[in-house]
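# Secondary and tertiary structure notes
The primary structure of each chain is shown beneath.
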Amino acid sequence: MSVPLYEAKAELFRLLGHPVRIRVLEMLQDGPMPVRDLLAAMEVEATGLSQHLAVLRRSGMVTAQREGATVVYALAGGRVAGLLRAARELLTEKLAGQSELLSELLQDEAGSRTA
């Protein structure tokens, strides 16, 4: 029996629900990176990074290729980068709305002090 689409989507978002995984995906947008470079750029232990990379690899979000003793990770496709861009756009809209609300609150507060 197949999984309903809404459950599959929920699983995808659960997979993306860890900051380390999001950071790895963001870093890989600039191109493939060896594990040592990912590790150097992040505040995470090697074992933790390895576990997160394994989850991303199993899910098909990233690919891994061995180059000698080095493993290089890359985004599995352009759609992953598109998903990250969509998330950034949603956050930008949300924060812009909060900024506008904060400005209104500060104006109201300033107005009530002078009255």
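Scroll up a little and you will see the structure.
In every chain, residue numbers begin from 1 and rise along the written sequence. Only residues with pLDDT of at least 70 are given local features in this predicted model, and only at 80 or more are side-chain atom pairs given and counted; all residues enter the totals for whole chains, interfaces and linings. Side-chain metrics rest on all non-hydrogen atoms present in the structure, leaving aside hydrogens and water.

## Side note on the overall build of the protein
Filter applied, for reference: Only DSSP runs of H or I with at least four residues qualify as helices, and only runs of E with at least two residues qualify as strands; both kinds are numbered from the N terminus onward. For this measure, only C-alpha atoms enter the radius of gyration; the expected value for a globule follows 2.2 Å times N^0.38, where N is the number of residues. Burial classes: relative accessible area under 20% of the type maximum marks a residue as buried, over 50% as exposed, and values in between as partly exposed (1.4 Å probe, protein chains only). Here, residues are in contact when the closest pair of their heavy atoms is within 4.5 Å. Under the convention used here, a 1.4 Å probe and the Shrake-Rupley method define accessible areas, while residue burial counts only the protein chains that appear.
For the protein, the helix and strand inventory stands at five helices and three strands. Taking 13 Å as the expected radius of gyration for a compact globule of 115 residues, we find that the protein reaches 20 Å, considerably beyond that expectation. C-alpha extents for the protein along the principal axes are approximately 70 × 45 × 25 Å. Evaluated residue by residue, the protein yields a buried proportion of 25% over its 115 residues. Sequence separation of at least 24 residues holds for 48% of the intrachain contacts in the protein that already meet a minimum separation of 6. For the protein, the exposed area adds up to about 8,400 Å²; of that, 56% sits on carbon and sulfur atoms.

## Points about the nonpolar core
Formally: Residue types Ala, Val, Leu, Ile, Met, Phe, Trp, Tyr and Cys, when buried and joined through side-chain atoms within 4.5 Å, form a set referred to as a nonpolar core.
Val24, Leu25, Leu28, Leu38, Leu49, Met61 and Tyr73 are the most contacted members of the largest nonpolar core, which has 22 residues in total. With sequence-adjacent residues up to four places away left out, Leu28 is seen in contact with Met33, Leu38, Val62, Tyr73, Ala74 and Leu75.

## Quick word on the pattern of salt bridges
For clarity, the threshold we go by: Between Lys or Arg on one side and Asp or Glu on the other, a salt bridge is scored when a side-chain nitrogen of the former is within 4 Å of a carboxyl oxygen of the latter.
Scanning the entire structure with this criterion turns up two salt bridges. A salt bridge links Glu11 to Arg14, with the nearest nitrogen and oxygen atoms 2.4 Å apart. Of this pair, Glu11 and Arg14 are both found in helix H1 (residues 5–15), three residues apart, which corresponds to roughly one turn of the helix. Under the relative-accessibility criterion, Glu11 is labelled partly exposed at 41%. The shortest N-O distance in the salt bridge between Glu26 and Arg23 comes to 3.9 Å. A residue pair is termed a helical-turn pair when its members lie 3 or 4 positions apart in one helix, as Glu26 and Arg23 do in helix H2 (residues 19–28) at three residues. The class of Arg23 is partly exposed, set by a relative accessible area of 37%.

All quantities given are derived from atomic positions and should not be read as evidence of function.
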